[in-house]
Amino acid sequence: MTDTPLSAQGPTAPSFLHRLRDWWSGETANPVKRVQFGHGLTPWLFVLPQLAVVVIFFYWPSAQAVTSSFYIEDPFGFGSTFVGMENYADALGSKEYLSTAWFTAFFCVVVTALALGIGLLLAVKADKVIRGAESYKTLLISVYAIAPPVAGLIGMMFFDMHMGPFTRLFAFFGHELRVGVDYWDTTIALITISVWKQIPYNFIFFLSGLQSVPVSVREAALIDARSGWRRFKDVTLPLLAPTAFFLLIINITYTMFDTFPIIDVIVKDKPANNPMTLVYKVYLDGFKGNDIGGSSAQSVILMVVVAALTVLQFRFLERRVHYG
Amino acid sequence: MAELTLNAVGKTYSGGVKAVSGVDIQISDGEFIVLVGPSGCGKSTLLRMVAGLETVTDGEIHIGSRLVNQLDPAERDIAMVFQNYALYPHMTVRDNMAYGLKNRRTPKAEIETRVAEAARMLELGQYLDRKPRALSGGQRQRVAMGRAIVRQPAAFLFDEPLSNLDAKLRVSMRMEIRKLQQRLGTTSLYVTHDQLEAMTLADRLVVLNGGRVEQIGAPLEVYRKPASTFVAAFIGSPAMSLLDATVEGGRLMLEGHVLAEVDHKAGPVTLGLRAEDLRLVARGGVPMRVEYIEELGAHRVVHGMVGDQSLAVVDQGAEAPGDLIHIAADPARLHLFDAATGQRIDVRSRVGEFAR
Ligand SMILES: Nc1ncnc2c1ncn2[C@@H]1O[C@H](COP(=O)(O)OP(=O)(O)OP(=O)(O)O)[C@@H](O)[C@H]1O
Ligand SMILES: [Mg+2]
């Protein structure tokens, strides 16, 4: 026993000034969380460049798009007239816009499904062969590292109207492939190239997802279930779900936005009535058609759709995804 | 439940690594066999060959009357408990246990009964709806056991199932496993590198060395009559001291002291002495210089030097490092091994005491 007298009063509440000073100097209730910054404003200073980039290249243009979607701009840039929701009504009422929207949805579903499906299939097959064999893996990954920028161009050459091997292949079966002229021929070309370009990406994520399933868990499944399909369905696939969910979002984003250059090369300067995605239409109407107001309205609609889609995915899909 | 027969079983990995060779083991129904040996001696490989997770490159494995060499793991009617438990992380405890049965088209009611029974035995009742990540190590271990039990297989295979647990839990789980196995009477093959675990669990031990069987026998038999210096050094704690000695004219000599009279041709031999078989004597005996002392509470292990060879003695006394003590042993408890091959030499020592 020591005879240190106990303090008669409990700890007093810190004064407002104290708290303010603590806040300013970055002092929090939990000293462990203070990390190494001595100053409350220092972290903000570090984040500033990133924030600036986001504001300048994202929020500001978004705000601009929203504003200009309520105006009709003079084609020569001499002035603009406020028209309220007219641009939106025009877009949503236009048959052309709706058919583009349907095509985008169709394109999105087909490309995502095929790119994910084929990527997963290849990954499962490769995983069987290369479990542990680092050199194989490196080899396959290096292919991916080279491929993407070249892939688009090569794909377009394959479908070339005069010398593309795919054109010849279709000709062999008696179908004259007229990419850039015929709606469905162009669709086939767009889907093929888009899927092809995205497969390596999905492949690598699926492969690394597969390889991170513990060997002993697979072995336990090997003892519990005879059928390889059941093991895949009941054990491997659920453990791959986080990867698949991530890829689903990436792939949808890819088909909606990053297929732009592919579409551009294939339908540019071609006669009308070609399939295109909403993003390409925004570009076409805004920059080719000089309809800034209408194109802004379209991009705002697109923004809303994508935001809604993302919320949906996270609300309904993520809950069913198992994070080990 | 079934017998397990390994006939000249061998494994050569691609690349030419010979992990296991010429293993013959006859395991009778309900027997608990422990495969023990140092790291890399091929224990897991052998077990995994029985499980079907590794191909058998030589010999034959029979489970019951069936030759299983070519069968899938799921067809072999075995259940395995893995070192890291290998539970399905996305399934509840209940589903983890039921999964193997579901795939074998066991009726739903039957599955429920078996899972409930296993949960009761393993005291897992309140965790049935949890996922494995919400369980402690010991609980996960029990789930892994449960997954094996519900299957009611011909044989249990264990690959170091306790080595991820802390020391205390390991001891209690060891007892649990033994009791459970005796209750169920299921033939079991258990791999460990812990000789204490091996001694306490096994009906019979299989000591492996470099992919070969060094000795098969009941734990006490292996302890009392190790077949080679390898087994002698591996089984028992503290490890048996192995010393260079010679036989001269029918007398066993250690560092110039006569130990016993033996029926063996003259020449060098390896002498094995267990610390617990030695005792201190006031006079006579072999002089030993105390080097350091392991205090274990119940007794102490005194390590020291006889000449320039080290030796350990179990004792209750109060000697200190630097002391010179004299030790003696019952000649019946001396172990002699061939100095060249390390194989046991069975000789009768004729005189009743250490050197005089
Ligand atoms: N896939 C493999 N390819 C080649 N050699 C292997 C392979 N697996 C194991 N080996 C070798 O076979 C030998 C036996 O391995 P095994 O895993 O059976 O040892 P173990 O007795 O279980 O050891 P531990 O106690 O460390 O688990 C080792 O020398 C190991 O390097
Ligand atoms: Mg092992």
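Since we're looking at a predicted model, the values are computed, not measured.

Take the domain arrangement of chain B next. Residue and element names in this part refer to chain B. Per the domain assignment, the segments of chain B are domain 1 (4-226) and domain 2 (238-355). Its C-alpha centre places domain 1 at a distance of 39 Å from the equivalent point of domain 2. Between domain 1 and domain 2 lies a buried interface of about 480 Å² when both sides are counted; carbon and sulfur atoms form 41% of it. Among the residues domain 1 hides against domain 2, the three largest losses belong to Tyr-223, Lys-225 and Pro-226. Together they make up 85% of the total. The residue inventory of the side of domain 1 that touches domain 2, partitioned by class, reads two nonpolar, no polar and three charged.

On to the domain arrangement of chain A, then. All names here are of chain A. Each domain of chain A was delimited in the assignment, giving domain 1 (6-84) and domain 2 (89-320). Facing the eight residues of domain 1 at the interface are eight residues of domain 2. Surface buried jointly by domain 1 and domain 2 totals about 570 Å² across both partners, of which 67% is contributed by carbon and sulfur atoms. Remark: the boundary between domain 1 and domain 2 carries zero salt bridges. Summed over the shared surface of domain 1 and domain 2, the number is one residue pair in polar contact (both at pLDDT 80 or more). Elements with a minimum of two residues in the side of domain 1 that touches domain 2: helix 2 (42-68) and strand 1 (71-73). Here the side of domain 1 that touches domain 2 gets four residues from one element, more than from any other, and that element is helix 2.

Moving on, we come to the UniProt feature "domain: ABC transporter" (unreviewed entry) in chain B. The residues that UniProt annotates with the feature "domain: ABC transporter" (unreviewed entry) are residues 4-235 of chain B. As annotated, residues 4-235 of chain B comprises 37% helix and 25% strand, and the C-alpha atoms at either end are separated by 25 Å.

A few words now on the pairing of strand 9 (residues 204-209) of chain B. All names here are of chain B. In this structure, strand 3 (residues 32-36) lies alongside strand 9, joined through four bridges in parallel fashion. In the strand pairing of strand 9, Leu-35 is matched with Val-206. Examined bridge by bridge, strand 9 and strand 10 (residues 212-217) share five bridges and lie antiparallel to one another. By the bridge assignment, Val-207 is partnered in strand 10 with Gln-215. Between the antiparallel neighbours strand 9 and strand 10 lie two residues, among them Gly-210 with a positive phi of about 55 degrees.

Turning to the interface of chain B and chain A, a few remarks are in order. If you look at the interface, chain B gives 23 residues, while chain A gives 19 residues. Between chain B and chain A, a total of about 1,900 Å² is buried, with carbon and sulfur atoms accounting for 57% of that surface. Its largest share of buried area at the contact with chain A, chain B owes to Tyr-88, His-90 and Tyr-99 of chain B, together 28% of the area lost on that side. Among the ionic pairs, Asp-72 of chain B bridges to Arg-226 of chain A, the shortest N-O distance being 3.7 Å. Along the contact surface separating chain B from chain A lie 13 residue pairs in polar contact (both at pLDDT 80 or more). For the side of chain B that touches chain A, the secondary-structure elements that each account for two or more residues are strand 6 (78-81), helix 2 (93-102) and helix 4 (137-151) of chain B.

Next up on the list: a nonpolar patch on the surface. On the surface, Leu-41, Trp-44, Phe-46, Val-47, Leu-48 and Leu-51 of chain A cluster together to form a nonpolar patch covering roughly 620 Å² of accessible area. With respect to the element layout, Leu-51 of chain A can be found in helix 2.

A separate point is the site of ligand 1. All names here are of chain B. Around ligand 1, the structure places Tyr-13, Val-17, Ala-19, Ser-39, Gly-40, Cys-41, Gly-42, Lys-43, Ser-44, Thr-45 and Glu-160. Measuring from an oxygen atom of ligand 1, one finds a side-chain N or O atom of Ser-39 at 2.5 Å. With the chains in place, 60% of the 630 Å² that ligand 1 exposes on its own is no longer accessible. When residues of the shell around ligand 1 are assigned to their parent elements, the largest contribution, three residues, is made by helix 1 (residues 43-51). In terms of residue class, the shell around ligand 1 is built from four nonpolar, five polar and two charged.

Criteria and cut-off values
Residues numbered from 1 in each chain as written. Chains lettered and ligands numbered in written order. Predicted model: local features only at pLDDT ≥ 70, side-chain atom pairs only at ≥ 80, totals over all residues. Heavy atoms only, no water. Domains from an automatic or database assignment. Buried area = accessible area lost by both parts, 1.4 Å probe. Nonpolar A, V, L, I, M, F, W, Y, C, P; charged D, E, K, R; others polar. Contact = heavy atoms within 4.5 Å. Salt bridge = Lys/Arg side-chain N within 4 Å of Asp/Glu carboxyl O. Polar contact = N/O pair within 3.5 Å; in protein donor to acceptor, adjacent residues only side chain to side chain. Helix = DSSP H or I, 4+ residues; strand = E, 2+ residues; numbered from the N terminus. UniProt positions renumbered as here; feature names shortened; annotations may be inferred. Pairing = 2+ DSSP bridges. Patch = residues over 30% accessible without salt bridge, like charges linked within 9 Å, V, L, I, M, F, W, Y side chains within 5 Å. Areas by Shrake-Rupley, 256 points an atom, 1.4 Å probe, with all protein chains shown as cover. Near = heavy atom within 4 Å.

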